[in-house]
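Structural description and commentary
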Amino acid sequence: MTTDLHQEHIDNSAKALIKADNLIAGYFPGVPILNGSDLYANEGELIGIIGPNGAGKSTLLKALFGLVKVWSGEVTLRGENITNMRADELVTRSIGFVPQNNNVFPSLTIEENLEMGCYQDPSKFVDSFERVSSLFPALKDRRKQKAGSLSGGERQMVAMGRALMMNPSVILLDEPSAGLSPALQDEVFIRVKDINKTGVTVIIVEQNAARCLQIVDRGYVLDQGQNAYTGTGRSLANDPKVIELYLGTLAKS
Amino acid sequence: MIRVFQIRRILKSVLLSTIFAIYIGSGASALDGPGISGKISDPDGKPLAGVAITLANNENTIQGLTDATGAFELAAPSAGKYTVSIDVATLPAGLTIAEPGPEREITFVQGPKVLIFKTQVGTSADQVAVKRDSKIPQLVVDGLLFGLTIALGAMGLNLIFGTTGLTNFSHGELLTYGAFTAWTLNYLVGLNMLIAVPLSLVISAFLWGWAQNRYLWKPLRRRGTGLMAMMIVSIGLALTLRYSALAIFGGSPRNYNQYAAQAGLDIFGVAITPKALIMAIIAIITLAIVLFWLKNSKIGKATRAVRDNPDLASATGINVEKVISYVWTLGGFLAALAGITVGINQDVSWRMGQILLLIMFASVTLGGLGTIYGALVGAITIGVLIQLSTLVLPTELKTVSALFVMIAILLFRPQGILGKRERVG
Ligand SMILES: Nc1ncnc2c1ncn2[C@@H]1O[C@H](COP(=O)(O)OP(=O)(O)OP(=O)(O)O)[C@@H](O)[C@H]1O
Ligand SMILES: [Mg+2]
């Protein structure tokens, strides 16, 4: 079954904007966390990755983004091999990343956090700041506040805003709704959809699988470092196996 | 941001450095029983012959004179408590013995002791008057001046720790090598200090700072070497550099060609030499520029971002290694300035960095690890505390008070004076 999925991946991913083939990666030698993961995203697509805790979802994003060493396999962006490239070089190639935890600089102000977002091209700051603050109006009034004093939801906005400052063509989001109230979670999903509508390709990892599958174009179900299922958001959300194993009661209710 | 493991690491480091300091601190002498030996020279380092020196207790009085090389050696008949005194009348006119004065109490337990009497321009009468009248203001001023110097070194130590996580035991040697670089240019090459100092700051920044990182620490980081292992490498490096300095420049303290001896100005009863005043002003200006740069420049902000979270900084597009490279260059520059300041105000010696290392660690811990102003506030506080501690502690023990301050801080306010506990979640 895994080999079928791999074949399907190879068949469909030829024109992908960003693509990972057969990634094996981990933190300690001899303990792989990713056991041959495949993933691709076409220009303008919204891709979701779901799966149980510890499946390797965050590790997959970090491997795409040069923060975890890839032992074998290949990551390409528009056909260029970017495997194990330094994260800041990937930012130059217009990829943005919002990690799951510790995703703001606590001792910097909101404004300074956003400035760091366009570190490589400070001339973009004024325009980008306007654009980002129209997405997250709350940030504008509090620009002088230290990010370390913000709530979880506010931090999430700062983190997403920062990743958008360079106008990336792909953005990787790791559980942007984690720890937020249901109302705020909805807000985040709407924002993510908005970001995607501006033409940015989005790859999002989500704990809230049912909600995630509603907004994505395609989804991946990751289990033990491998793809267990892939398909459109709708088809995954309605797949009885996926419901039983990964969506559980949440989806049925 | 203060994490428990950082505090543990610092504490461990401090204990280790103290052990090193004690271990390496013992000296050697030609006498094999109780007795004293040493050397007396004028402030320019020229030996003084024929200076009368007396070693006495209730039963015995032993007298001697310094020889042509300025050396003296007096054997004591038995162990116990003695008074050593120098007859200031036998010094050349206009010279006197520097702090703590021409008379010392000394107790022999077993072996001999090496005594250092430093001479300075002035008359002993002034000196005693200043000392008696206004001891506390004098100590506070001395402490502030010392604290400013320490702040220069501690700032670099804190920035390097903040951005790389390295507890750098060889940071003291950055001071030593900066001071010796200036000494080489000034004393050996013969350059005027006004040229030698700026030149050695630049050389130190690149050679001892930038290059050290480029050819040692960066490859280790790239290999993923653990912080503990790196700390041990830094201890090894400290010893290597320290003893290389001893091998190259010798064991006796060196002075620069210029500004070695200066009469103190009397400002409201506080004695201060013009050179100390000028170095303090240079330190203040330098620290102000560095703080402004950290706060407002693009790289300064990136430095703070890397200190908060290197992975996130990289994910944001910051070239973290480049920032670290700036920090090491700056650290080398600041440490050299600190070393040269100590060299100008006192002397240049192979052990100067080792002695100051503990005080720098204490300053950084006291002020708050990783906070911008932490190193500065910590260093000034420690500088003053150390000087004031001489009111109650023997002068020999004054640096030890830094250790006590540090342990107290770690117990009662681990985030330091300025550090805030981070909000979690
Ligand atoms: N920095 C790290 N060092 C060592 N092991 C790690 C590290 N981060 C994650 N792991 C391990 O890798 C495995 C996968 O972790 P990962 O964070 O990718 O899971 P995840 O799918 O994102 O889970 P969650 O839904 O809980 O966020 C886990 O077993 C975890 O223990
Ligand atoms: Mg995760």
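Attention here is on the structure that accompanies the text. Keep in mind it's a predicted model, so treat the numbers as computed, not measured.

Reading the values: the criteria
- Every chain's residues receive numbers from 1 upward, in the order its sequence appears when written.
- As a convention, the first chain written is A and the first ligand written is 1, with the rest following in written order.
- Two thresholds apply to this predicted model, a pLDDT of at least 70 for residue-level local features and 80 or more for giving and counting side-chain atom pairs, whereas whole-chain, interface and lining totals are computed over all residues.
- We call two residues in contact whenever the C-beta atoms placed from their backbones are within 7 Å.
- Helical segments are the DSSP runs of H or I of at least four residues, strand segments are the runs of E of at least two, and each set is numbered from the N terminus.
- Residues were grouped as follows: Ala, Val, Leu, Ile, Met, Phe, Trp, Tyr, Cys and Pro as nonpolar; Asp, Glu, Lys and Arg as charged; and all remaining residues, including Gly, as polar.
- Residues are counted as near a molecule or strand when the C-beta atom, derived from backbone positions, lies within 6 Å of that molecule or strand.
- DSSP calls a pair of strands paired once it identifies at least 2 bridges connecting them.
- Axis definition: a line fitted to C-alpha atoms, limited for helices to the stretch in contact. Angles are taken between N-to-C directions and run from 0 to 180 degrees.
- Under this scheme an angle from 65 to 115 degrees is roughly perpendicular, one under 35 degrees roughly parallel, and one over 145 degrees roughly antiparallel; angles in between are oblique.

1. Section: the interface of chain A and chain B
In this assembly, 26 residues from chain A lie in contact with 19 residues from chain B. Elements with a minimum of two residues in the side of chain A that touches chain B: α3 (87–92), α4 (110–117) and α7 (152–164) of chain A. Looking at which element gives the most residues to the side of chain A that touches chain B, the answer is α4(A), with four residues. Counted by class, the side of chain A that touches chain B contains 13 nonpolar, eight polar and five charged residues.

2. Here's the deal with the site of ligand 1
All names here are of chain A. Taken together, the neighbourhood of ligand 1 is formed by Y27, I33, G51, N53, G54, A55, G56, K57, S58, T59, Q100 and Q207. The biggest single contributor to the shell around ligand 1 is helix α2 (residues 57–64), with three residues. In terms of residue class, the shell around ligand 1 is made up of three nonpolar, eight polar and one charged.

3. Topic: the pairing of strand β4 (residues 70–77) of chain A
Residues and elements named next belong to chain A. Of the pairings in the sheet, the one linking strand β1 (residues 18–28) to β4 comprises six bridges and is antiparallel in character. Considered in β4, the bridge of I24 is made with S72. As paired strands, β4 and strand β5 (residues 80–81) are joined by two bridges and run antiparallel to one another. From the neighbouring strand, L77 faces β5, where its bridge partner is E80.

4. Description of the packing of helix α8 (residues 298–308) of chain B against helix α10 (residues 320–345) of chain B
Residue and element names in this part refer to chain B. At a minimum axis distance of 10 Å, the contact between α8 and α10 shows a crossing angle of 110 degrees. In terms of axis orientation, α8 runs roughly perpendicular to α10. Residue-level contacts link I299, A302, T303 and V306 of α8 to V320, V323, Y326 and V327 of α10. In the contact of α8 with α10, the residues fall into seven nonpolar, one polar and no charged.

5. Focus on unusual backbone geometry
Residue and element names in this part refer to chain A. Phi at R78 is positive, roughly 50 degrees, even though this residue is not glycine. Of note, Q224 is a non-glycine position whose phi angle comes to about 50 degrees, a positive value. For Q224, the location among the structural elements is in the loop between β9 (218–223) and β10 (226–232).

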